[in-house]
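Inside the fold
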Amino acid sequence: MRFASAAAGKFCARAKKAQRKRVGLFLFAAILLLVLVGGALLWMSRRAHEQTGLPQGEVIYSDVGIGQAVEKPIFSRRFGIVGRPDYLVTVKEAGRDIIIPVEVKSRQRPSAPFDSHILQLAAYCLLVEDHYKQRPPYGFLRYADATLKLPFTDEVRQLALDIAAEIRTSRTATDVARQHHDFGRCRGCGYRAACGEQALGE
Ligand code: SF4
């Protein structure tokens, strides 16, 4: 009888030990899985970021649903312009953080960036310059297949300021001349009905 109870006790102890071992193995496998999934997600996010062509940096403002909620447009009283860049990213250069605007275009990269894209990005550079009190040395134009780094030179800056002034003057003018010969632009333009004879095409 005593022998039977001792054998049962040993069996119980062995069963408990085996159960503890199984739980331990299960926990180890779960932790390993979490680490592997975490690593894979980190790798995928880094890879996705690299594919954008954008620098590694913190997105501090986003208008495309990445990172933070959409905020108000940035207004510059000094330059008389308002706008909402798709992203603002902070990039470390020469030991200091600089804020770079990013304009996103859904189309493929053209053979050369359009003037309108360059000027739009330049306007965002002006907004960053006034709002954050630091002039960005460049901005990013991100197309579906490539990201271009466009320098914000003195010439581009001045051109953007001149165009902004021209637009302000045009607002009160009774008639504004068309500044392009692109039928496609007029065809898809939302102001076509109000544009009258200036509009190109049927
Ligand atoms: S329809 Fe008028 S406003 Fe629109 S793109 Fe053509 S010229 Fe410009």
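The sections below set out a description of the structure shown in this document. (Residues numbered from 1 in each chain as written. Predicted model: local features only at pLDDT ≥ 70, side-chain atom pairs only at ≥ 80, totals over all residues.)

All right, on to the overall build of the chain then. A count of helical and extended segments in the chain gives five helices and seven strands. Helices (α) and strands (β) of the chain occur, in sequence order from the N terminus, as α-β-β-β-β-β-α-β-β-α-α-α. Buried residues in the chain amount to 14% of all 202 residues. Taking the contacts inside the chain whose residues are at least 6 apart along the sequence as the reference set, 58% of them involve residues at least 24 apart. (Helix = DSSP H or I, 4+ residues; strand = E, 2+ residues; numbered from the N terminus. Buried ≥ 20, exposed ≤ 12 C-beta atoms within 10 Å, placed from the backbone. Contact = placed C-beta atoms within 7 Å.)

Okay, the site of the ligand next. Taken together, the residues surrounding the ligand are Arg178, Arg185, Cys186, Cys189, Tyr191, Arg192, Cys195, Gln198, Ala199 and Leu200. Counting only elements with at least two residues in the shell around the ligand, the list comes to α4 (183-187) and α5 (192-195). Classifying every residue of the shell around the ligand by side-chain character gives six nonpolar, one polar and three charged. (Near = placed C-beta within 6 Å. Nonpolar A, V, L, I, M, F, W, Y, C, P; charged D, E, K, R; others polar.)

What follows is about the pairing of strand β5 (residues 96-104). When strand β4 (residues 87-93) meets β5, the two strands line up antiparallel, connected through seven bridges. Counted as the bridge partner of Lys92 is Asp97 from β5. Adjacent in sequence and paired antiparallel, β4 and β5 are bridged by two residues, among which Ala94 carries a positive phi angle near 50°. Between the parallel elements β5 and strand β6 (residues 138-142), the chain passes through helix α2 (residues 115-131) in a crossover that is right-handed. (Pairing = 2+ DSSP bridges. Right-handed = clockwise from strand over helix to strand, strands pointing away.)

A few words now on the packing of α2 against helix α3 (residues 154-171). For the pair α2 and α3, the least separation of the axes is 9 Å and the interaxial angle reads 95°. Regarding the angle of α2 to α3, the classification is roughly perpendicular. In this structure, α2 contributes Ile118, Leu119, Ala122, Ala123 and Leu126 to the contact, and α3 contributes Val156, Arg157, Leu159, Ala160, Ile163 and Ala164. In terms of residue class, the contact of α2 with α3 is made up of 10 nonpolar, no polar and one charged. (Axes fitted to C-alpha atoms, helices over the stretch in contact; angles between N-to-C directions. Parallel < 35°, antiparallel > 145°, perpendicular 65-115°, else oblique.)

Before going further, it helps to examine α2. Given 3.6 residues per helical turn, the α-helix brings residues three or four places apart onto the same face. Helix length check: α2 (17 residues) gives 24 Å between terminal C-alpha atoms against 24 Å at 1.5 Å per residue, within 8%. Within the sequence span of α2, burial applies to Ile118, Leu121, Ala122, Ala123, Tyr124, Cys125, Leu126, Leu127 and Val128. Lys133 lies just past α2 and shows a positive phi near 55°. (Expected span 1.5 Å × (residues − 1).)

So, on to unusual backbone geometry. At Ala94, a position not held by glycine, the phi torsion is positive, near 50°. On the secondary structure map, Ala94 appears in the loop between β4 and β5. Residue Ala94 is classed as exposed on the basis of its C-beta count, with 5 C-beta atoms lying within 10 Å. Positive phi, normally seen in glycine, also occurs at Lys133, with a value near 55°. Along the chain, Lys133 turns up in the loop between α2 and β6. A tally of 7 C-beta atoms within 10 Å means that Lys133 is categorised as exposed.

If you look at the biggest cluster of nonpolar residues, it comprises 22 residues, and the most contacted ones within it are Ala122, Ala123, Cys125, Leu126 and Leu127. Mapped onto this core, the elements with two or more residues apiece are β4, β5, α2 and β6. Per-element tally for this core: the top contributor is α2, with nine residues. In contact with Leu127, other than residues within four places in its own chain, are Ile74, Ser76, Ile81 and Gly83. (Core = buried A, V, L, I, M, F, W, Y, C linked by C-beta atoms within 7 Å.)

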